[in-house]
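A look at the structure
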Amino acid sequence: MASLGVDSEQEPLLGDRTPGSREWDIIETEEHYKSRWRSIRILYLTMFLSSVGFSIVIMSIWPYLQKIDQTADASFLGWVIASYSLGQMVASPLFGLWSNYRPRKEPLIVSIFISVAANCLYAYVHVPASHNKYYMLAARGLVGFGAGNVAVIRSYIAGATSLQERTSSMANTSACQALGFILGPVFQTCFALIGEKGVTWDVIKLQINMYTAPVLLGAFLGILNIILILTILREHRVDDTGRQCKNINFEEASTDEVQVPQGNIDQVAVVATNVLFFVILFIFALFETIVTPLTMDMYAWTREQAVLYDGIILAALGVEAVIIFMGIKLLSKKTGERALLLGGLIIIWVGFFVLLPWGNQFPKIQWEDLHNNSIPNTTFGEIIITLWKSPREDHSEEPTGCPVEQAWCLYTPMIHLAQFLISAVLIGIGYPSCNVMSYTLYSKILGPNPQGVYMGWLTASGSAARILGPVFISQVYTAWGPRWAFSLVCGMVVLTITLLGVVYRRLIAFSVRHGRIQE
């Protein structure tokens, strides 16, 4: 993890300064420089652990929910999945506001403590005699609430880096986040070896099994994270050129610090970037959601095959994203963030265009009445449910293909596997590029002023996108099929590219806009 920040640390803040030179001492001492990057590295780790907290139980929620509460249905599962993003959406602006006026340690420690407590609650949801599903709902919502510290993390990193360092640091942050999403399910798979029964600590009524062990690990790592923040994290803020700035967050003031430059933030650029970020996450969330039902309908995969093959595909996309995040750091120095954002959106459009059904070959039709075992139901939870179907069920006679209840199956051409894989690769290139470029630009537009609240709204818009994206695609795909669903997505991307073109010249750094430095 620590190695992710090495390249940024080795870059000089201004020109060709080196530690020990007179100019370096005036701008930033070597001790301050090392302390600043130690703090940023701790926040890389915090971002990683926040992502792991979401993904480490995602594959086991449904069987655990069924085990603790027989009244829980697929519709309620949808609420449990969405509660994480709802909690994060509510908490992000609050923690962001807090971080603007108090030391950033405070909201970070409180948010992580909430996540630790929520993970412990999740481990005990089997204990109450009734209403267990609501305890699970509360636990996942609180984990999401704790994950609202993403706004504080991005705000801190934006404020503790110069313009020259910003893109690289934001790319590292995104890489840590993506790595967490990849490794979470891997940890869950390892804990599956414990089994459903596991062991029970009767004195405190704690069951350690394949469902609770991941969250207990998450709670332990959260406590470790709090200790690291208390002992290593220091308040640092620099302006766009790398000079220390005075701020209420600083524990100690220095005579070498300069005042925060004054000037108005371009609110049009701020709103436009929030919209761009929302659309980018909305599109990727709907793509992740539709992968399983799409492949089961088009290729007649069973549930077990879909979970295995789609899991491999999404894991490969995660690895691809990490590579893209690392490559972007170099490419952005030659092309600039705006060009990379535009290029990423174009690649996403091509990816969804490739996914449109063509030709005269049709998918296999599933004529059997599948009731609740079929994808085409009315709720988001019922679409997600296929990921958690018990492996103990007899799948030898499981009906496969595109369900006849979906009328479009009878006249919509199939999407060939090569189409799907090419599309996945293109979206896997475009999404990470757009993701990191959008909030890198956002942080530069805001400038050296406190960014907590603004970052909170950006994180909240991303959380809203992760809630609405799956709902949108599940309804449109079930009712109208992939041709309409992906055509609408293509249209949405075209509108987003148009918006970017309209505000393109406004998406510039605060200091550039006010003429303090050259672009």
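Residues numbered from 1 in each chain as written. Predicted model: local features only at pLDDT ≥ 70, side-chain atom pairs only at ≥ 80, totals over all residues. Heavy atoms only, no water.

1. Brief notes about the overall build of the protein
Applied cut-off: Starting at the N terminus, helices and strands are each numbered in turn, a helix being any DSSP run of H or I of at least four residues and a strand any DSSP run of E of at least two. Only protein chains enter the accessibility calculation, which uses a 1.4 Å probe; a residue whose area is less than 20% of its type maximum is buried, one above 50% is exposed, and one in between is partly exposed. Should any heavy atoms of two residues lie within 4.5 Å, those residues are considered in contact. Residue-level accessible areas treat just the shown protein chains as cover; the underlying method is Shrake-Rupley with a 1.4 Å probe.
A tally of regular secondary structure across the protein gives 18 helices and four strands. Sorting the 519 residues of the protein into buried and exposed places 58% on the buried side. Residue pairs at least 24 apart in sequence account for 82% of intrachain contacts in the protein once pairs closer than 6 positions are excluded. If you sum the accessible surface of the protein, you get close to 21500 Å²; carbon and sulfur atoms cover 65% of it.

2. Quick word on the packing of helix 6 (residues 105–123) against helix 7 (residues 132–146)
To keep things clear, this is the line we draw: Simply put, an axis is a line fit to the C-alpha atoms, just over the touching stretch for a helix, and the angle between two N-to-C directions goes from 0 to 180 degrees. Convention used here: angles under 35 degrees read as roughly parallel, angles over 145 as roughly antiparallel, angles from 65 to 115 as roughly perpendicular, and any remaining angle as oblique. Each helix crossing is assigned a hand: it is left-handed if the near helix lies turned anticlockwise from the far helix by less than a right angle, otherwise right-handed if that turn is clockwise. Here the nonpolar group is Ala, Val, Leu, Ile, Met, Phe, Trp, Tyr, Cys and Pro; Asp, Glu, Lys and Arg are the charged ones; every other residue, Gly included, is treated as polar.
At a minimum axis separation of 8 Å, helix 6 and helix 7 run at an interaxial angle of 160°. Put simply, helix 6 runs roughly antiparallel to helix 7. Here helix 6 and helix 7 pass one another in a crossing that is left-handed. For the pair helix 6 and helix 7, contact is made by Ser111, Ile114, Ser115, Ala118, Asn119, Leu121 and Tyr122 and by Tyr135, Met136, Ala138, Ala139, Arg140, Leu142, Val143, Phe145 and Gly146, respectively. Here the residues of the contact of helix 6 with helix 7 sort into eleven nonpolar, four polar and one charged.

3. Points about the side chain of Ser443
Relative to the helices and strands, Ser443 is located in helix 15 (residues 417–446). Note on Ser443: relative accessible area 0%, which makes it buried.

4. Examining the state of the cysteines
Here a disulfide denotes one covalent bond, and it connects the sulfur atoms of two cysteines. Counted only if it meets this: For this text, the term disulfide refers to a pair of cysteine sulfurs within 2.5 Å.
One pass over the full model with this rule turns up one disulfide. The residue that forms a disulfide with Cys402 is Cys409, at a sulfur-sulfur distance of 1.9 Å. Handedness here is read from the sign of the S-S torsion; for Cys402 and Cys409, about -60°, the answer is left-handed. What makes Cys409 buried here is its relative accessible area of 0%.

5. Overview of the confidence of the model for the protein
Heads up, the rule is: Along the chain, pLDDT gives the predictor's confidence residue by residue, from 0 to 100.
Scored by pLDDT, the protein comes out at a mean of 79, with 82% of its residues at no less than 70. Mean pLDDT across the elements of the protein bottoms out in helix 2 (residues 22–27) (44) and peaks in helix 17 (residues 482–503) (94). A low-confidence stretch, residues 251–260 stays under pLDDT 50, and its non-local contacts, those more than four residues away or across chains, total 20 contacts. Residue range residues 386–396 is modelled with pLDDT below 50. Its contacts to residues more than four positions away, or to other chains, number 25 contacts.

6. Some words on the pattern of salt bridges
Rules: Salt bridge criterion: a side-chain nitrogen from Lys or Arg within 4 Å of a carboxyl oxygen from Asp or Glu.
Enumeration according to the criterion identifies six salt bridges in this entry. The partner of Glu30 in a salt bridge is Lys34, and the shortest N-O contact between them spans 3.5 Å. Remark: Lys34 and Glu30 occur in helix 3 (residues 30–55); sequence separation between them is four residues, near one turn of the helix. For Glu30, a relative accessible area of 37% translates into the label partly exposed.

7. Here's the deal with helix 4 (residues 61–68)
The line we're drawing: It is the directions from the helix axis to the C-beta atoms that the arc portrays.
Residues of helix 4 that are buried include every one of Ile61, Trp62, Tyr64, Leu65 and Ile68, and no others. The buried residues of helix 4 occupy an angular sector of 165° when projected down its axis, which confines them to one face.

8. Brief notes about the environment of Ile313
Positionally, Ile313 belongs in helix 12 (residues 303–335). For the pair Ile313 and Ala424, spaced 111 residues apart in sequence, the C-alpha separation works out to 8.1 Å. What Ile313 contacts, discounting residues up to four positions off in sequence, is Phe420, Leu421 and Ala424.

9. Looking at the side chain of Asn274
Structurally, Asn274 is set in helix 11 (residues 267–299). In this structure, Asn274 is in contact with Tyr442, Trp457, Leu458 and Ser461, ignoring residues within four places of it in sequence.

10. Topic: empty space enclosed by the protein
We apply this condition: A cavity here means a set of points on a 1 Å grid, drawn over the protein atoms and nothing else, where a 1.4 Å probe fits but cannot get out; a pocket is an open set with protein on both sides within 12 Å along at least five of seven lines, and a residue lines either one if it has an atom within 4 Å of a point. Grid points are joined across faces, edges and corners, and a volume is the space filled by probe spheres set on the points.
Summed over the entire model, instances satisfying the criterion amount to two cavities of 30 Å³ or more. Space inside the largest cavity adds up to approximately 240 Å³. Along the wall of the largest cavity there are 19 residues; nearest its centre are Leu49, Ser50, Gly53, Ser115 and Gly218. Its residues placed into classes, the lining of the largest cavity shows eight nonpolar, eleven polar and no charged.

11. Focus on helix 7
Our working definition: In this scheme, a helix's expected span is set at 1.5 Å multiplied by one less than its residue total.
Taking 1.5 Å per residue as the helical rise, helix 7 with its 15 residues ought to reach 21 Å, and the 21 Å between its terminal C-alpha atoms agrees with that figure. Among the residues of helix 7, Asn132, Lys133, Met136, Ala139, Arg140, Gly141, Val143, Gly144 and Gly146 are the ones counted as buried.

12. A word on the packing of aromatic side chains
Heads up, the condition is: Each Phe, Tyr or Trp ring, with Trp reduced to its six-membered ring, pairs with another whose centre is within 6.5 Å; inter-plane angles below 30 degrees give stacked pairs, above 60 give edge-to-face pairs, and intermediate values give tilted ones.
Evaluation of the coordinates by the stated rule reveals 17 aromatic pairs. An angle of 65° between the planes, with centres 5.2 Å apart, marks the rings of Trp408 and Tyr477 as edge-to-face. With Trp408 in the loop between strand 4 (402–403) and helix 15 and Tyr477 in helix 16 (residues 452–480), this residue pair connects regions lying 69 residues apart in the sequence. Considered together, Trp408 and Tyr477 belong to a single accessibility category, that of buried residues.

13. Quick word on the nonpolar core
The condition that has to hold: To define a nonpolar core, start from buried Ala, Val, Leu, Ile, Met, Phe, Trp, Tyr and Cys residues and group those joined through side-chain atoms within 4.5 Å.
Membership of the largest hydrophobic core comes to 76 residues, with the highest contact counts inside it found for Phe287, Leu294, Leu341, Phe352, Phe486 and Leu507. Where this core is concerned, the elements lending two or more residues are helix 8 (150–159), helix 9 (163–191), helix 11, helix 12, helix 13 (337–354), helix 15, helix 16 and helix 17. When residues of this core are assigned to their parent elements, the largest contribution, 19 residues, is made by helix 11. Filtering out sequence-adjacent residues up to four positions away, Phe287 remains in contact with Leu317, Phe352, Leu355, Ala424 and Ile427.

14. What about unusual backbone geometry?
Note on backbone geometry: most residues besides glycine have negative phi, and most peptide bonds are trans. Even without a glycine there, the phi angle at His131 is positive, about 55°. One can find His131 in the loop between helix 6 and helix 7. For Lys205, which is not glycine, the phi torsion reads 55° and is therefore positive. Residue position: Lys205 is located in the loop between strand 1 (199–201) and strand 2 (206–208).

15. Here we look at the packing of helix 6 against helix 10 (residues 213–232)
Taken N-terminus to C-terminus, the directions of helix 6 and helix 10 make an angle of 165°; their axes are 8 Å apart at the nearest point. The angle between helix 6 and helix 10 falls in the class roughly antiparallel. Crossing hand, helix 6 versus helix 10: left-handed. Every residue of helix 10 that contacts helix 6 at Lys105, Leu108, Ile109, Ile112, Phe113, Val116, Asn119, Cys120, Tyr122 and Ala123 is listed here: Val215, Leu216, Gly218, Ala219, Gly222, Ile223, Asn225, Ile226, Ile229 and Leu230. Grouping the amino acids of the contact of helix 6 with helix 10 by side-chain chemistry returns 15 nonpolar, four polar and one charged.

16. Description of the environment of Val503
Mapped onto the elements, Val503 comes out in helix 17. Through-space distance from the C-alpha of Val503 to that of Val268 is 8.1 Å; in sequence the pair is 235 residues apart.

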